[in-house]
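# A look at the structure
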Amino acid sequence: LVESFLDSNLKESHDLVLIGKARKYASKITAVLNKSSHSASVKQLADISFKELPILLQGAALSVYPSKYEGFGLPVLESLASGIPVIAKTGSCLEETGGTAARYYTAPSELTIAMESVLNDASLKEKMIAEGKVHAKKFDNDLMAQNYHKLYESLL
């Protein structure tokens, strides 16, 4: 994600905000940033409370979730429900969580193109926001309970 962002034209007009605790890959991020003259456009926030997350999300122009291994992908759903376009990595549950409302990539070069296209195409961005809000409603607790109830009745 950091490399794709720094390789794009977005670094001239946007900041990349990384949220999460430093893990094994933190040293790799630092190494990439140390090689770049645009490292100031990448912000790393490690100790963000759950109360602060929605505020940060609401200020985002785009949410990118590059995870390879996920159980559900709650940040993808939170982004869609908040009206933030989503780009996520293929190959896990994120395609189910994001549905057709999100865009997906497999290679870093695809991520760069996807980020630039969403942020530079207002109609695409608006379409993704609208589709995302509709898709997120499928995960409403009451609706999910009704669907499970119908499923259980059909199995009986």
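Above: the structure in question.
So, here's what we can say about the structure. (Residues numbered from 1 in each chain as written. Predicted model: local features only at pLDDT ≥ 70, side-chain atom pairs only at ≥ 80, totals over all residues. Heavy atoms only, no water.)

For the coordinates displayed, the defined rule picks out 1 salt bridge. Ionic pairing is found between K127 and E131, a salt bridge with its closest N-O pair at 3.9 Å. Here E131 and K127 lie together in helix α7 (residues 122-137), a separation of 4 residues that amounts to about one turn. Taking the relative accessible area as the measure of exposure, K127 reaches 45% and is therefore partly exposed. Assessed through its relative accessible area of 27%, E131 is described here as partly exposed. (Salt bridge = Lys/Arg side-chain N within 4 Å of Asp/Glu carboxyl O. Helix = DSSP H or I, 4+ residues; strand = E, 2+ residues; numbered from the N terminus. Buried < 20%, exposed > 50% of the residue type's maximum accessible area, 1.4 Å probe, protein only.)

Turning to helix α6 (residues 108-120), a few remarks are in order. Along its 13 residues, α6 runs 18 Å from first to last C-alpha, staying within 8% of the 18 Å computed at 1.5 Å per residue. L111, T112, A114, M115, V118 and L119 are the residues of α6 that are buried. All buried residues of α6 project into a common sector of 165° when viewed along the axis, lining one side. Opposite the packed face of α6, turned more than 90 degrees from it, sit the exposed residues S109, I113 and N120. As for α6, its buried residues are in contact with α1 (2-7), β3 (63-65), β4 (86-89), β5 (103-105) and α7. (Expected span 1.5 Å × (residues − 1). Arc of directions from axis to C-beta. Contact = heavy atoms within 4.5 Å.)

Membership of the largest hydrophobic core comes to 21 residues, with the highest contact counts inside it found for V2, F5, L6, V42, L62, I87 and M115. Broken down by secondary-structure element, the contributors of at least two residues to this core are α1, β1 (16-19), α2 (26-34), α6 and α7. For this core, the leading source of residues is α6, giving 5 residues. With near-sequence residues (within four places) excluded, M115 lies in contact with L1, S4, F5, L10, L62, V64 and I87. (Core = buried A, V, L, I, M, F, W, Y, C linked by side-chain atoms within 4.5 Å.)

Looking now at the sheet that holds β4. One open sheet holds the 3 strands; their spatial order is β3-β4-β5, and the pairing between them is parallel. With one partner strand each, in any of the chains shown, β3 and β5 form the two edges of the open sheet. On average, each strand axis in the sheet is tilted by 20° relative to the strand beside it, whichever way the strands run. Where β4 and β5 come together, 3 bridges link them in parallel fashion. Residue pairing for β5: I87 is matched across the bridge by R103. (Pairing = 2+ DSSP bridges. Axes fitted to C-alpha atoms, helices over the stretch in contact; angles between N-to-C directions.)

Moving on to helix α4 (residues 74-81). Among the residues of α4, V76, L77, S79 and L80 are the ones counted as buried. Projected onto a plane normal to the axis of α4, the buried residues spread over an arc of 160° and lie on a single side. Considering only its buried residues, α4 is in contact with α3 (53-58), β3, β4, α5 (94-98) and α7. Looking one or two residues beyond α4, the residue adopting positive phi is G83, at roughly 80°.

Let's shift gears to the packing of aromatic side chains. Given two aromatic rings, one states the distance between the centres and the angle between the planes to describe the pair. Under the criterion given, the structure shown has 1 aromatic pair. Ring centres 5.7 Å apart and planes at 75° place the aromatic pair F72 and F139 in the edge-to-face group. Taken together, the positions of F72 in the loop between β3 and α4 and F139 in the loop between α7 and α8 (141-155) put the pair 67 residues apart, joining distant regions of the chain. Judged by relative accessible area, F72 falls into the partly exposed class, the value being 33%. (Phe/Tyr/Trp six-rings, centres within 6.5 Å; stacked < 30°, edge-to-face > 60°.)

Turning next to a nonpolar patch on the surface. Taken together, the side chains of Y148, L151, Y152 and L155 present a nonpolar region at the surface, about 450 Å² in accessible area. As for its position among the elements, L151 is in helix α8. (Patch = residues over 30% accessible without salt bridge, like charges linked within 9 Å, V, L, I, M, F, W, Y side chains within 5 Å. Areas by Shrake-Rupley, 256 points an atom, 1.4 Å probe, with all protein chains shown as cover.)

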